[in-house]
Amino acid sequence: MNNQPIKNNREAVQKQYATARTNLLLMIVLTLVNVVLFVVGTDTMLLFSATVPYYSVIFGLIDQTGILLLPGIAIAVLSLGAYFLCWLLSKKNHGWMILALALFIIDTVCLVALYIWAEDFSGILDFVIHVWVLFYLFIGVRTGAQLKRMEENTVLTEDGEAVLNGDSDCAENSSYIRAADTSVKARVLLEADVLGHKVCYRRVKKVNELVIDGYVYDEIEMLLETAHCLTAEIDGHTIEAGFDNASKSYILLDGQEVAKKMRWF
């Protein structure tokens, strides 16, 4: 069996997850730079940074009573420390990426509240950049979950090749999840006849489904589509359908491409 599609799909998802982690680290570094720039007395502020640690230091330093200085510095240190731990530990556990996303959602809410309180909406670009960071963190959460699922569903053979669990000539058929609902509005991404079975790869709202002979065997929920692979064992063969994150939907039989279609959206 040719396992190159499995390898390519994993590499594509790993690349997306690494990009998300890189953006998280960039946000941490730029936030720290902003704090330093303010402390040394410059008016420059770099975007793609966190609001809470930056303004905590600002409020602490401009408070003439000195009461807010230590709490402000403490909040900044704890915030940046938490983000750094999320970046560091997310390399092996995507759960930390979830925490980073939650923290930055809070940070974005604080940004909006700050501008409303100050009655100053000139920082709309800062808000847009925050949404951009949130997007990358969301991608990190989702691709991290995909990688975990891939690890659970993949084993290494003696020669080091990655194969799906249950890949063998005598493997039992996969159990279907449910009968496919034909009454809902669905976008058919690709169809093919495989070994006498009608295979349909489709998208229903936010869910991509692998439908074989009218039954859903595998599915994945995504708001925005990235590389993924849905699989099922039928009559001792592996049927796969998915998206390569470039421009192509595909259907594979035992790792061999039997159908493909260019995707423009």
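Computed from a predicted structure; not experimentally measured. (Residues numbered from 1 in each chain as written. Predicted model: local features only at pLDDT ≥ 70, side-chain atom pairs only at ≥ 80, totals over all residues. Heavy atoms only, no water.)

Chemist: Pulling in residues and values, what's your account of the sheet that holds strand 5 (residues 197-204)?
Modeler: Read across the open sheet, the five strands follow the order 3-7-6-5-4; overall the sheet is antiparallel. Among the strands making up the open sheet, the edge pair consists of strand 3 (178-179) and strand 4 (187-194). Pairing analysis gives six bridges linking strand 5 to strand 6 (residues 207-212), with the strands arranged antiparallel. Pairing of Val 199 across the sheet is with Ile 212, part of strand 6. (Pairing = 2+ DSSP bridges. Helix = DSSP H or I, 4+ residues; strand = E, 2+ residues; numbered from the N terminus.)

Chemist: How would you summarise the packing of aromatic side chains if you had to cite specific residues and measurements?
Modeler: All chains considered together, the criterion is met by 10 aromatic pairs. Ring centres of Tyr 83 and Phe 104 lie 6.4 Å apart, and the angle between their planes is 65 degrees; this geometry places the pair in the edge-to-face category. A residue pair is termed long-range when its members are at least 10 positions apart, and Tyr 83 in helix 3 (residues 69-89) and Phe 104 in helix 4 (residues 95-118) qualify at 21 residues. One exposure class covers both Tyr 83 and Phe 104, and it is buried. Cluster of aromatic residues (ring-pair linked, three or more members): Phe 38, Tyr 54, Tyr 55 and Phe 59. (Phe/Tyr/Trp six-rings, centres within 6.5 Å; stacked < 30°, edge-to-face > 60°. Buried < 20%, exposed > 50% of the residue type's maximum accessible area, 1.4 Å probe, protein only.)

Chemist: So what's going on with the nonpolar core? Which residues, and what values?
Modeler: In terms of nonpolar packing, the biggest core is built from 26 residues, with Leu 24, Met 27, Ile 28, Tyr 83, Met 97, Phe 104 and Leu 137 touching the most fellow members. At eight residues, helix 1 (residues 4-39) tops the list of elements feeding residues into this core. Tyr 83 has contacts with Leu 24, Met 27, Ile 28, Ala 50, Ala 100, Leu 103, Phe 104 and Asp 107, leaving out every residue within four places of it along the chain. Counting 20 residues, the second-largest nonpolar core is a separate cluster that includes Val 194, Met 222, Leu 230 and Phe 243. (Core = buried A, V, L, I, M, F, W, Y, C linked by side-chain atoms within 4.5 Å. Contact = heavy atoms within 4.5 Å.)

Chemist: A description of the packing of helix 2 (residues 51-62) against helix 4 should follow, citing residues and the corresponding values.
Modeler: Between helix 2 and helix 4, the least distance of the axes is 9 Å, while the angle of their chain directions is 45 degrees. Compared by their axis directions, helix 2 and helix 4 come out oblique. Touching Thr 51, Val 52, Pro 53, Tyr 55 and Phe 59 of helix 2 are Asp 107, Cys 110, Leu 111, Leu 114 and Trp 117, all from helix 4. (Axes fitted to C-alpha atoms, helices over the stretch in contact; angles between N-to-C directions. Parallel < 35°, antiparallel > 145°, perpendicular 65-115°, else oblique.)

Chemist: Now, about the pairing of strand 11 (residues 256-262): what can you tell me, with residues and values included?
Modeler: Across six bridges, the pairing between strand 10 (residues 248-253) and strand 11 is antiparallel. What sits directly across from Ile 251, in strand 11, is Ala 259. Between the antiparallel neighbours strand 10 and strand 11 lie two residues, among them Asp 254 with a positive phi of about 50 degrees.

Chemist: I'd love a proper account of the sheet that holds strand 11, names of residues and values included.
Modeler: Read from one edge of the open sheet, four strands run 8-9-10-11, paired in antiparallel fashion. Either end of the sheet is taken by a strand with one partner, and the two such strands are strand 8 (228-234) and strand 11. The sheet shows a mean angle of 15 degrees between the axes of neighbouring strands, taken without regard to direction. Relative to strand 9 (residues 237-243), strand 8 is paired through seven bridges, and the arrangement is antiparallel. Its bridge partner being in strand 9, His 228 is matched across the sheet by Phe 243.

Chemist: Quick rundown of the pairing of strand 5? Include the residues and the values.
Modeler: Where burial is concerned, most of strand 5 is hidden: seven out of the eight residues are buried. Sheet topology note: the strand 4/strand 5 ladder contains seven bridges and is antiparallel. Bridge pairing in strand 5 links Ala 192 to Val 199. In this structure, the hairpin formed by strand 4 and strand 5 is closed by a connection of two residues, where Leu 195 is found at a positive phi of approximately 55 degrees. Turn length for the strand 5-strand 6 hairpin, with the two strands adjacent in sequence and antiparallel, is two residues, and the turn residue Lys 205 shows positive phi of about 55 degrees.

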